[in-house]
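Residues per chain are reported as follows:
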Amino acid sequence: LLPLFGAALNGLFSFFGIRVKKWVTNLIACGTIFASFVISCGVFYQLQKLEPHAREFTLTWFTWFDLTLLKANAAFLIDPLSVTMALVVTGVGFLIHVYSTAYMAHDACHARFFSYLNLFCFAMLLLVLADNLLLMFVGWEGVGLCSYLLIGFWFDHKPNASAGMKAFIVNRIGDFGFLIGVMLLFWGLYNAGHPSVTFTEIRENSHLLNGIMLGPVALVTVVCVFLFVG
């Protein structure tokens, strides 16, 4: 939530044309992502102190939707993989933010750029921490949106605007493959009697997909190919 807060604050400055010192924008943008890195380090340290089999927590905020067969929560899976990825996103992301303070120092749209950059980090964190495929897809879409916004940042120059649109369209093609993979995986688990999009439940029931075929090819192979296309 910290990068989202930074994105919202700098976004308001940009949208309403509020003039603030550039060091204030830099402090908000870099400070929120650095604080996220510190928190990620703390969670990593806490996990390290636990036994390997106990290094997994699901933090549920609320039920996103419940359609009897298909249920998804706004929840986050904290395990060694997700925390490692959170360290990469926040650690490398912080260094990129610091580099950008000099790179964008003389740009008139300074606050808008850092709003997009903070939003990018929020979307990446949502992607790597989500406990289910649908919430991960929301983060996935957020990353695609921010790629479009950053690539086409100087949109008054036509090649930049064209490059942003190209990235947006290519991302939509990838999204289509990703969604097909998710739907096929859910269909396979439904046929096996355990429909779910939650990572822990998919892991526990993945063995039930053995032997399910989609034509001449194993369902698992088709799912993996479509996720790879994404």
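Caption draft 1: Region of the structure containing the environment of Asn132. As for its position among the elements, Asn132 is in the loop between α4 (110-129) and α5 (133-151). In the structure, Asn132 is positioned 68 residues away from Thr200 in sequence and 8.4 Å away in space, judged by C-alpha atoms. Excluding its chain neighbours within four sequence positions, the residues that come into contact with Asn132 are Trp64, Ala72, Asn73, Val197, Thr198 and Phe199. Looking at Asn132, its side chain comes within polar contact range of the main-chain oxygen of Asn73, at 2.9 Å.

Caption draft 2: Spatial organisation of the pairing of strand β2 (residues 70-78). Counted residue by residue, β2 has seven buried out of nine residues, so it is predominantly covered. Where strand β1 (residues 57-67) folds back on β2, the antiparallel hairpin that results is connected by two residues, among which Thr68 adopts a positive phi of roughly 70°.

Caption draft 3: Geometry of a nonpolar patch on the surface. Among the surface-exposed residues, Leu1, Leu4, Trp61, Phe62, Trp64 and Val138 lie close enough to one another that they form a single nonpolar patch of about 620 Å² accessible area. Residue contributions to the nonpolar patch peak at three residues, all from β1. A residue is classified by how much of its surface remains accessible, and Leu4, at 30% relative accessible area, is partly exposed.

Caption draft 4: Molecular detail of the pattern of salt bridges. Considering all chains together, one arrives at three salt bridges under this definition. Here Glu56 ties to Arg203 by a salt bridge, and the two come within 3.0 Å at their closest N and O atoms. In this pair, Glu56 sits in the loop between α2 (22-48) and β1 while Arg203 sits in helix α7 (residues 199-205), placing the two residues 147 residues apart along the sequence. Overall, the relative accessible area of 48% leaves Arg203 in the partly exposed class. A salt bridge links Arg172 to Asp175; its shortest N-O distance comes to 2.6 Å. Within this pair, Arg172 and its partner Asp175 are both found in helix α6 (residues 158-191), separated by three residues, close to a single helical turn. Each of Glu141, Arg172 and Asp175 takes part in a single network of salt bridges with overlapping partners.

Caption draft 5: Representation of the side chain of His110 in the model. Within the fold, His110 resides in helix α4. Within polar-contact distance, the side chain of His110 engages the side chain of Asn26 at 3.0 Å. Apart from the residues lying within four places of it in its own chain, the contact partners of His110 are Lys22, Thr25, Asn26, Met104 and Ala105.

Caption draft 6: Geometry of the pairing of β1. Inspection of the sheet shows β1 paired to β2 by nine bridges, in the antiparallel sense. Along β2, the bridge assignment pairs Leu59 with Phe76.

Caption draft 7: How the structure looks around the state of the cysteines. One pass over the structure, following the stated rule, counts zero disulfides. Just so you know, Cys30 is unpaired, no disulfide at all, and the nearest cysteine sulfur is the one on Cys121, 10 Å from it. We classify Cys30 as buried; its relative accessible area is 11%.

Definitions and limits used
Residue numbers run consecutively from 1 along every chain, following the written order of its sequence. For a predicted model such as this one, the threshold for reporting local features is a pLDDT of at least 70, and the threshold for listing and counting side-chain atom pairs is 80 or more; totals across whole chains, interfaces and linings nevertheless cover every residue. With hydrogens and water set aside, each side-chain value is computed from the structure's full complement of heavy atoms. To qualify as a helix, a DSSP run of H or I must reach at least 4 residues; to qualify as a strand, a run of E must reach at least 2; elements of each kind are numbered from the N terminus. Should any heavy atoms of two residues lie within 4.5 Å, those residues are counted as being in contact. Polar contact criterion, stated in full: a pair of N or O atoms within 3.5 Å, where within protein one must be able to donate a hydrogen and the other to accept it, and residues adjacent in sequence count only if both atoms are side-chain atoms. Relative accessibility under 20% of the residue-type maximum defines a buried residue, over 50% an exposed one, and the middle range a partly exposed one, all with a 1.4 Å probe and only protein chains included. A pair of strands is labelled paired if DSSP reports no fewer than 2 bridges between them. Think of a patch as exposed residues, more than 30% relative accessible area, with no salt bridge, where like charges cluster within 9 Å and nonpolar side chains (Val, Leu, Ile, Met, Phe, Trp, Tyr) cluster within 5 Å. Residue burial considers only the protein chains on display, and all accessible areas are found by Shrake-Rupley using a 1.4 Å probe. A pair is scored as a salt bridge if a Lys or Arg side-chain nitrogen falls within 4 Å of a carboxyl oxygen belonging to Asp or Glu. Disulfide: a pair of cysteine sulfur atoms within 2.5 Å of each other.

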